[in-house]
Amino acid sequence: MKLSLPVFIKLLILHCLTVLCVSQDFDFFYFVQQWPGSYCDTKHSCCYPKTGKPASDFGIHGLWPNYKNRRYPQNCNPDSELDESQISELTSTLQKEWPSLSCANSNYGFWSHEWKKHGTCAESELGQRDYFEATLKLKQRANLLQALKNAGIKPDDEFYDLDSIEEAIKGAVGFVPGLECNVDQSKNAQLFQVYLCVDTSGSDFIECPILPRKKCQSRVQFPKF
């Protein structure tokens, strides 16, 4: 059966739109790590996972697809539940490097949330196992705590120049990070989260197309944990 030209064009447009929706294009990732001492040292309570108190190290928050216009996709495929068997070989490493400190979420609940909200928007590039494996590799490569310690910046409740923190991370990773701070119950500004930008393959750090708009004071506390 032959289709008339207008009908053919409509079907072609519909097909193209469908492909665009499935491809879930984005421009870059934010790779976000959080300092557990700052997470727990606020008015919000924190709870340790069943595996015990996490190590005194930056923990992964997530790998988030983003656009260059400061917007970001989320919950791109609500039907894509995290399949535990896909990450079973990574579980012990995830428990160490990506622990949940939320009283509302277990470790697996945290990972499931991150996959559904952010990971599903990168399925055109990374499947479930690849998404978590890539994130773990990025944390190992960044090694934020060691980079800061090498610059004399330690989690000892002391205050440090924000510029020094930024320079230490840039020196180790090669690119300017985005820094986010919080305020503890004593009104002290604390180093909370570090944003690094990653290409769409999830493998290489890049210069951030845009840095997150997070306000920090010129000197911030690096709390113990």
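Residues numbered from 1 in each chain as written. Predicted model: local features only at pLDDT ≥ 70, side-chain atom pairs only at ≥ 80, totals over all residues. Heavy atoms only, no water.

1. As for the UniProt feature "active site" (unreviewed entry) in the protein
UniProt annotation of "active site" (unreviewed entry) refers to His-61, Glu-114 and His-118 when read in the numbering used here. The largest pairwise C-alpha distance within this set of annotated residues, which runs over 58 residues, is 11.1 Å, so the set is compact in three dimensions. Annotated residues from the preceding list that form part of the lining of the largest pocket: these are His-61, Glu-114 and His-118. Relative to the assigned elements, His-61 resides in strand β2 (residues 59-66). Since its relative accessible area comes to 18%, His-61 is described here as buried. (UniProt positions renumbered as here; feature names shortened; annotations may be inferred. 1 Å grid on protein atoms, 1.4 Å probe; cavity = no way out; pocket = protein on both sides within 12 Å on 5 of 7 lines; lining within 4 Å. Helix = DSSP H or I, 4+ residues; strand = E, 2+ residues; numbered from the N terminus. Buried < 20%, exposed > 50% of the residue type's maximum accessible area, 1.4 Å probe, protein only.)

2. Here's the deal with the environment of Asn-77
If you trace the backbone, Asn-77 turns up in the loop between β2 and α3 (91-97). Taking relative accessible area as the criterion, Asn-77 reaches 25% and is therefore assigned partly exposed. Taking the C-alpha atoms as reference points, Asn-77 and Lys-116, separated by 39 residues in sequence, lie 7.1 Å from one another. Filtering out sequence-adjacent residues up to four positions away, Asn-77 remains in contact with Thr-120 and Glu-123. Within the structure, the side chain of Asn-77 is placed 3.5 Å from the side chain of Glu-123, a separation counted as a polar contact. (Contact = heavy atoms within 4.5 Å. Polar contact = N/O pair within 3.5 Å; in protein donor to acceptor, adjacent residues only side chain to side chain.)

3. Structural notes on the environment of Cys-46
The residue Cys-46 is located in the loop between α2 (36-40) and β2 in this model. Using a relative accessible area of 23% as the deciding quantity, one classes Cys-46 as partly exposed. Sequence separation between Cys-46 and Ser-102 is 56 residues; the distance between their C-alpha atoms is 5.4 Å. Leave out the neighbours within four places in its chain, and Cys-46 touches Tyr-39, Cys-40, Leu-101 and Cys-103.

4. So, the layout of surface pockets
The volume enclosed by the largest pocket comes to roughly 330 Å³. Residue lining of the largest pocket: 16 residues in total, with Trp-64, Asn-66, Tyr-72, Tyr-195 and Lys-214 positioned closest to the centre. Ranked by residue count, the leading element in the lining of the largest pocket is helix α4 (residues 107-117), at four residues. Each residue belonging to the lining of the largest pocket can be placed in one class, and the counts come to eight nonpolar, four polar and four charged. (Points joined across faces, edges and corners; volume = space filled by probe spheres on them. Nonpolar A, V, L, I, M, F, W, Y, C, P; charged D, E, K, R; others polar.)

5. A word on the pattern of salt bridges
On inspection of all chains with the given rule, the structure shows seven salt bridges. The partner of Lys-139 in a salt bridge is Asp-57, with the nearest N and O atoms 3.1 Å apart. One end of the pair, Lys-139, is in helix α5 (residues 128-142); the other, Asp-57, is in the loop between α2 and β2, and 82 residues separate them in sequence. A salt bridge links Lys-139 to Glu-97; its shortest N-O distance comes to 2.8 Å. Linking Lys-139 in helix α5 with Glu-97 in helix α3, this pair joins segments that are 42 residues apart in sequence. Across the pair, exposure class does not vary: Lys-139 and Glu-97 are buried alike. Each of Asp-57, Glu-97 and Lys-139 takes part in a single network of salt bridges with overlapping partners. (Salt bridge = Lys/Arg side-chain N within 4 Å of Asp/Glu carboxyl O.)

6. Regarding the packing of aromatic side chains
Taken as a whole and assessed by the stated rule, the structure comprises eleven aromatic pairs. Aromatic side chains Tyr-30 and Tyr-195 sit 5.4 Å apart centroid to centroid with 90° between the ring planes, which places their arrangement in the edge-to-face category. Taken as a pair, Tyr-30 in strand β1 (residues 28-34) and Tyr-195 in strand β5 (residues 189-198) lie far apart in primary sequence, 165 residues in all. Across the pair, exposure class does not vary: Tyr-30 and Tyr-195 are buried alike. Each residue in the set Phe-28, Tyr-30, Trp-64 and Tyr-195 is aromatic and connected to the rest through ring pairs, giving one cluster. The ring of Phe-225 carries the charged tip of Lys-53 above its face, separated from the ring centre by 4.6 Å. (Phe/Tyr/Trp six-rings, centres within 6.5 Å; stacked < 30°, edge-to-face > 60°. Lys NZ or Arg CZ within 6 Å of the ring centre and 35° of its normal.)

7. Notes on empty space enclosed by the protein
Per the counting criterion, the structure on display carries two cavities of 30 Å³ or more. Estimated volume of the largest cavity: approximately 120 Å³. Along its surface, the largest cavity is lined by 13 residues, and Ala-55, Asp-57, Phe-58, Gly-59 and Pro-99 are the ones closest to its centre. Elements that contribute at least two residues to the lining of the largest cavity include exactly β2 and α3. Grouping the amino acids of the lining of the largest cavity by side-chain chemistry returns seven nonpolar, two polar and four charged. Quantified by volume, the second largest cavity comes out at close to 30 Å³.

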